[in-house]
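# Report on the structure
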Amino acid sequence: SMNYYKNKIYIWEKGNRRIAIIDKDLRNFKYIKMNRALSFAFNVSPLDENSFLGDLELTASNGNKLGIINRDSKLTHSFFNFFPRPIDFSKINEPSVVKALGESMYTRVRLKILTQETTAVFCINRKKKEILVTHRKPDNPIVFYIYSFSGEMKKSFKLPIADKRYAFSDFYLTSNVS
């Protein structure tokens, strides 16, 4: 992911496990190397000049999907452990599927399904110091959660999807058809 904040560009380099910070003239590179025990999955955004919000990889998160780290790559807060719906593994739990995939591939497939089904998306209001969070694949009604910059939930609210054609499963299945 890439973000622009206070005349700096912040780039999450997943492969290099670091956050690159570059000035707007593309000079003065600085890096924040991630702690080995911690990693973000896809998105990292600066909350302020000293802390960053990102979606945690499930293997390092104790069930929480979002984490706040400081410039020393120390996890200061983790939060958002809600799941949008029960995860259905029945299609891959068949003994023949497990045998065909092999144990290690079966475990990776389960983790991939879990990650895709439960990924959090967020946006930041720096003036109010609030984080709005929901799921990438929400249910109907969509549930939104508002957190403080310290990871404390302030409130949640629901918005129904009025037009059923835009409910996630229907819209996703029909919008990806060419």
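Everything discussed here concerns the structure shown above.
Residues numbered from 1 in each chain as written. Predicted model: local features only at pLDDT ≥ 70, side-chain atom pairs only at ≥ 80, totals over all residues. Heavy atoms only, no water.

### Notes on the packing of aromatic side chains
Scanning all chains against the criterion turns up 7 aromatic pairs. On the basis of an interplanar angle of 65 degrees and a centroid distance of 5.2 Å, the ring pair of Phe80 and Tyr145 is categorised as edge-to-face. Of this pair, Phe80 sits in the loop between β8 (75–79) and α1 (95–101) while Tyr145 sits in strand β11 (residues 142–148); the two residues are 65 residues apart in sequence, bridging distant segments of the chain. The pair formed by Phe80 and Tyr145 is uniform in burial state, with each residue classed as buried. Put simply, the rings of Phe79, Phe80, Tyr145 and Tyr147 pair up and form one aromatic cluster. Here the basic side chain of Arg18 rests over the ring of Tyr31, its NZ or CZ set 3.8 Å away from the ring centre. (Phe/Tyr/Trp six-rings, centres within 6.5 Å; stacked < 30°, edge-to-face > 60°. Helix = DSSP H or I, 4+ residues; strand = E, 2+ residues; numbered from the N terminus. Buried < 20%, exposed > 50% of the residue type's maximum accessible area, 1.4 Å probe, protein only. Lys NZ or Arg CZ within 6 Å of the ring centre and 35° of its normal.)

### Brief notes about unusual backbone geometry
Keep in mind that most residues, glycine aside, have a negative phi and that most peptide bonds are trans. Residue Lys6 is not a glycine yet carries a positive backbone phi of 50 degrees. By the secondary structure assignment, Lys6 is in the loop between β1 (2–5) and β2 (8–13). Although it is not a glycine, Ser73 adopts a positive phi angle of roughly 65 degrees. Mapped onto the fold, Ser73 is located in the loop between β7 (66–70) and β8.

### What about the side chain of Glu13?
Inspection of the secondary structure puts Glu13 in strand β2. The exposure class assigned to Glu13 is buried, which follows from its relative accessible area of 17%. In terms of polar contacts, Glu13 uses its side chain to reach the side chain of Asn16, at 2.7 Å. In contact with Glu13, not counting residues within four places along its chain, are Arg18, Ala20 and Tyr31. (Polar contact = N/O pair within 3.5 Å; in protein donor to acceptor, adjacent residues only side chain to side chain. Contact = heavy atoms within 4.5 Å.)

### Structural notes on the sheet that holds strand β10 (residues 130–135)
Strand order in the open sheet formed by 4 strands is β9-β10-β11-β12, with antiparallel pairing between adjacent strands. The sheet is open, and its two edges are formed by β9 (120–125) and β12 (153–159), each paired on a single side. For this sheet, the mean angle separating the axes of adjacent strands, direction not counted, is 20 degrees. The pairing of β9 with β10 spans 6 bridges and is antiparallel. Within β10, the residue paired with Cys123 across the bridge is Leu132. (Pairing = 2+ DSSP bridges. Axes fitted to C-alpha atoms, helices over the stretch in contact; angles between N-to-C directions.)

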